[in-house]
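A look at the structure
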Amino acid sequence: MDAQLDLTRLKGVGPKLKEQLQRLNIQSLSELLFHLPFRYEDRSRIQPIGSLNHQQPAVVQGEVRAADVLMGKRRSLLVKLADHTGTISLRFYHFNAAQKKQFQRGALVRCYGEARRGASGLELYHPEYQILQDGQEELPDARLTPVYPATEGISQQRLRLLMEQALEFLRADSVPLTDLLPPEWLAQWRLPTLKQALLFLHQPPTDVRLEQLMTASHPAQRRLILEELLAHQLSMHRLRSKVQQDGAPVIQPDGSLRQQLIDSLPFSPTGAQQRVTDEIIADLAKPLPMLRLVQGDVGSGKTLVAALAACQALQAGYQVALMAPTEILAEQHFINMSRWFEPLGVKTGWLAGKTRGKARNQSLADIANGDARLVIGTHALFQDEVQFSQLGLVIIDEQHRFGVHQRLSLKEKGNLDGQSPHQLIMTATPIPRTLAMSAYADLDTSIIDELPPGRSPIQTVTVSDNRREEVIYRVAGACQNGAQAYWVCTLIEESEALQCQAAENTAAELIEQLPHLRIGLVHGRLKAQEKAAIMSAFKAHELDLLVATTVIEVGVDVPNASLMVIENPERLGLAQLHQLRGRVGRGSVASHCVLLYKTPLSMTGKQRLQVMRDSQDGFYIAEQDLMIRGPGEVLGTRQTGLQTLRVADLQRDGELLPAVREMATHLWDNHPHVVAPLIDRWLGEAERFAAV
Ligand code: ADP
Ligand code: MG
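Residues numbered from 1 in each chain as written. Chains lettered and ligands numbered in written order. Predicted model: local features only at pLDDT ≥ 70, side-chain atom pairs only at ≥ 80, totals over all residues. Heavy atoms only, no water.

1. Re the site of ligand 1
Near ligand 1 there are 16 residues, and of these Gln273, Gly299, Thr303, Arg455 and Asp557 occur at the shortest range. Between ligand 1 and the protein, one listed contact pairs an oxygen atom with a backbone N or O atom of Gly299 at 2.6 Å. In the complex, the protein chains occlude 83% of the 570 Å² of accessible area that ligand 1 would expose alone. (Near = heavy atom within 4 Å. Polar contact = N/O pair within 3.5 Å; in protein donor to acceptor, adjacent residues only side chain to side chain. Areas by Shrake-Rupley, 256 points an atom, 1.4 Å probe, with all protein chains shown as cover.)

2. A word on the side chain of His333
Mapped onto the elements of the fold, His333 is located in helix H12 (residues 327-341). At 2.7 Å, the side chain of His333 forms a polar contact with the side chain of Asp397. Excluding residues that lie within four positions of it along the chain, His333 makes contacts with Thr303, Leu322, Ala324, Ile376 and Asp397. (Helix = DSSP H or I, 4+ residues; strand = E, 2+ residues; numbered from the N terminus. Contact = heavy atoms within 4.5 Å.)

3. Brief notes about the nonpolar core
Leu32, Leu198 and Leu224 are the most contacted members of the largest nonpolar core, which totals 90 residues. Looking at this core element by element, the count peaks at nine residues for helix H8 (residues 219-244). In this view, Leu198 contacts Leu33, Phe34, Leu36, Leu167, Leu170, Leu177 and Leu224; residues no more than four positions away in its chain are not counted. With 42 residues, the next largest nonpolar core counts Ile251, Leu284, Met337 and Trp340 among its residues. (Core = buried A, V, L, I, M, F, W, Y, C linked by side-chain atoms within 4.5 Å. Buried < 20%, exposed > 50% of the residue type's maximum accessible area, 1.4 Å probe, protein only.)

4. Concerning the sheet that holds strand E12 (residues 374-377)
Overall, parallel pairing links the seven strands, which are arranged E11-E12-E10-E13-E14-E9-E15 in an open sheet. The open sheet has two edge strands, strand E11 (348-351) and strand E15 (444-448), and neither has a second partner. For this sheet, the mean inter-axis angle between neighbouring strands, taken without regard to orientation, is 20 degrees. Of the pairings in the sheet, the one linking strand E13 (residues 391-398) to strand E14 (residues 422-427) comprises six bridges and is parallel in character. Counted as the bridge partner of Ile396 is Ile425 from E14. (Pairing = 2+ DSSP bridges. Axes fitted to C-alpha atoms, helices over the stretch in contact; angles between N-to-C directions.)

5. Some points on the sheet that holds strand E16 (residues 458-464)
In space, the six strands of this open sheet follow the order E16-E21-E20-E17-E19-E18, with parallel pairing throughout. At either end of the open sheet lies a strand with only one pairing partner, and these are E16 and strand E18 (519-522). The mean angle between the axes of side-by-side strands here comes to 20 degrees, regardless of whether they run parallel or antiparallel. Note that strand E17 (residues 484-488) and strand E20 (residues 561-567) share five bridges and pair parallel.

6. Points about the pattern of salt bridges
Counted by the stated rule, this structure contains 28 salt bridges. Between Glu123 and Arg91 there is a salt bridge, with its nearest N and O atoms 2.8 Å apart. Linking Glu123 in strand E6 (residues 121-125) with Arg91 in strand E4 (residues 86-92), this pair joins segments that are 32 residues apart in sequence. For the pair formed by Glu123 and Arg91, the shared burial category is buried. A salt bridge links Arg652 to Asp653; the shortest N-O distance between them is 3.0 Å. For Arg652, a relative accessible area of 33% translates into the label partly exposed. Judged by relative accessible area, which is 1%, Asp653 ranks as buried. Three or more residues joined by partner-sharing salt bridges are found here, namely Arg275, Glu279, Asp283, Lys286, Arg292 and Asp449. (Salt bridge = Lys/Arg side-chain N within 4 Å of Asp/Glu carboxyl O.)

7. Quick notes on the packing of helix H9 (residues 256-264) against helix H11 (residues 302-315)
The geometry of H9 relative to H11 is characterised by a closest axis approach of 8 Å and an angle of 140 degrees between their N-to-C directions. By the criterion of interaxial angle, the relationship of H9 to H11 is oblique. In this structure, H9 crosses over H11, and the sense of that crossing is right-handed. Where H9 abuts H11, its residues Ser256, Leu257, Arg258, Leu261 and Ile262 lie against Ala307, Leu308, Cys311, Gln312, Leu314 and Gln315. Per-class residue counts for the contact of H9 with H11 are seven nonpolar, three polar and one charged. (Parallel < 35°, antiparallel > 145°, perpendicular 65-115°, else oblique. Left-handed = near helix turned anticlockwise from the far one by under 90°. Nonpolar A, V, L, I, M, F, W, Y, C, P; charged D, E, K, R; others polar.)

8. Considering the pairing of strand E19 (residues 545-548)
Because side chains alternate across E19, one face comprises the buried residues Leu545 and Val547, and the other comprises Leu546 and Ala548, equally buried. Here E17 pairs with E19 via four bridges, running parallel. Note that in E19 the partner of Tyr486 across the bridge is Leu546. Looking at chain direction, E18 and E19 are connected through four bridges and run parallel. In the sheet register, Gly520 faces E19, and the bridge partner there is Leu546. Handedness of the crossover joining E18 and E19 through helix H18 (residues 528-539) is recorded here as right-handed. (Right-handed = clockwise from strand over helix to strand, strands pointing away.)

9. Some points on the packing of aromatic side chains
One pass over the structure, following the stated rule, counts six aromatic pairs. Consider the rings of Phe92 and Phe103, whose centres lie 5.8 Å apart with planes at 35 degrees: the pair is tilted. In this pair, Phe92 is assigned in strand E4 and Phe103 in the loop between helix H3 (97-102) and strand E5 (108-118), connecting sequence segments 11 residues apart. A ring pair is formed by Tyr486 and Phe538, whose centres lie 5.2 Å apart and whose planes are at 55 degrees; its orientation type is tilted. Of this pair, Tyr486 sits in strand E17 while Phe538 sits in helix H18, and the two are 52 residues apart along the sequence. (Phe/Tyr/Trp six-rings, centres within 6.5 Å; stacked < 30°, edge-to-face > 60°.)

10. A short note on helix H16 (residues 468-480)
Counted at 1.5 Å a residue, the expected span for H16 with its 13 residues is 18 Å, and the 19 Å between its end C-alpha atoms agrees. Along H16, the residues classified as buried are Arg468, Val471, Ile472, Val475, Ala476 and Cys479. Taken around the axis of H16, the buried residues stretch over an arc of 145 degrees, which confines them to a single face. Pointing more than 90 degrees away from the buried face of H16 are the exposed residues Glu469, Tyr473 and Gln480. Following H16 by one or two positions, Gly482 has its phi on the positive side, about 95 degrees. (Expected span 1.5 Å × (residues − 1). Arc of directions from axis to C-beta.)

11. Here we look at the environment of Asp465
In this structure, Asp465 sits in the loop between E16 and H16. For Asp465, a relative accessible area of 25% corresponds to the partly exposed category. Residues Asp465 and Glu567, 102 residues apart in the sequence, show an inter-C-alpha distance of 8.4 Å. Contact partners of Asp465, with chain neighbours within four places excluded, come to Leu596, Tyr597, Lys598 and Thr599. Polar side-chain contacts of Asp465 include one of 3.4 Å to the side chain of Thr599.

Shown next, in the form of structure tokens:
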């Protein structure tokens, strides 16, 4: 590292403190300067003690009247402090003898803390304090006091002292910290330089509006937010170019296989399916690997789009891999695809984690020698031992973002002389726009914005669990009229075993109460064959009611099922509920969904179920979900690097993204030398992590 960036330039920093700073991800002076306050305190005025109120943070100054150690339930040091307006107590639970001695009768003390009502009237618990020497009247802080993210062993005061030294270096330009944004942008956006922004944010003057700082709307903050979002966009850009630098096979058959498939269907593709398919066909014809994300609401027909894309690669003589996030969804795809493709003379293959022994060896051999043309499976498809003969297209039906490094590793699977296969990613649930623009910025996007004709809307009601009997009665009625129903048991428990247990109990209860109905049970612990048998029995209407865990969330397709009961819906994310609910409403009869919630329901619980009741638009629901739960939860962002955002907030700053995207492209094309330093500055750690 540049010696000028070494933390030991700061007084008081030795090996021990260095190690502690490392725990805050601070390894250099520049990283220290980017360790920004998360809030500020106004300590610029000394408050008269007599004017303090409960829960008011304040600076007070007074004379020590007494300092006593109290025994009580917990030993504490109580210091009585007085000014000419009143008295207040300072209370310390952690203290040592030296500390007690400091508080001598008559000593002048200034402290900062939050006043709270305590046993002895208003008290300050563990205030920050300073003993003022003989008659010395220090001025109160002239700046807002920063509060930093801290860790054990490093106090706020310590961090502030270190920062003050670092800021001195910055002021004197003796820390190498380059302004990486073009000056004309700063002028155009009226933003400060990097140096100005950092100096300001660590030591804002007291006349700045605290509210402006708290809402991150100050230009100094906007400047850093912009820079961070740019860094993220650029890292996605870089990822994309890394994948694309290898090139890909040009796939451009005459489309007759695609036509054969369309001709064999009982329906024609919707306009939206057609348009998205055309976009994919155009990508495949280029010598660069396609990186395309297809978004579409539940039931919009993504599977057909995947199949039509597959036709192109298959006809051109390449293999296609279709990967799904769960075994049950993979099976569903396998059934669909085999039904569509086997009559066209295309052999399908199957590989899941649970495929073992002889069946597994046979699958691996078929994949390796190219007998299996269209291979369907779970993550197992990307294990080391799987080698394709000539893999031209990978289709990923994903639940959460597929890891970045996994995307890079597809190249090895293809056996394409160093070229990469094309990649098509389909999301199981719509992604809020801001998330799509950031977490998926390395992908081109297509949206299927139309449902196949003849769908009837789903009516959703919320019912409390003390009306459970009524709901059971209603299920019986619907089934006797020829409909089929799902009863979904949810449990928040991580344990699959507990989930299955709950479903078993519910099934037993329903069988007892509804003896005339044919009731099946499906959960994740059944063998694949058992599951498949039950699913096909339900599909063939040999069962009226299917009790299930959330394993049926994706992919299950039984148009005659028109009623779904979801137990404890308050425990699931909105996107997941939407996905579940999408299992009904697939036929032409009116469908219903009953959200059977547990009372009492919290305020947010009510709001969330209301969203489900009011809307069937997956994109709207996803936005609401994002607002309620935040990006990490919605995306499962561990792999996206988004959880490492330091100053930006996708929710708050989302409206910047379209501009940021354009700016990123501009930097990439016209200022290539700033790309790597920007990424390194903001995502150093995360990037290094993602690359392994
Ligand atoms: P999703 O987008 O949720 O994956 P699917 O691909 O499972 O949706 O399609 C849902 C259902 O709609 C399936 O039964 C499928 O056969 C049917 N479907 C797909 N496209 C059309 C279409 N153009 N017209 C009529 N039905 C269609
Ligand atoms: Mg699907």
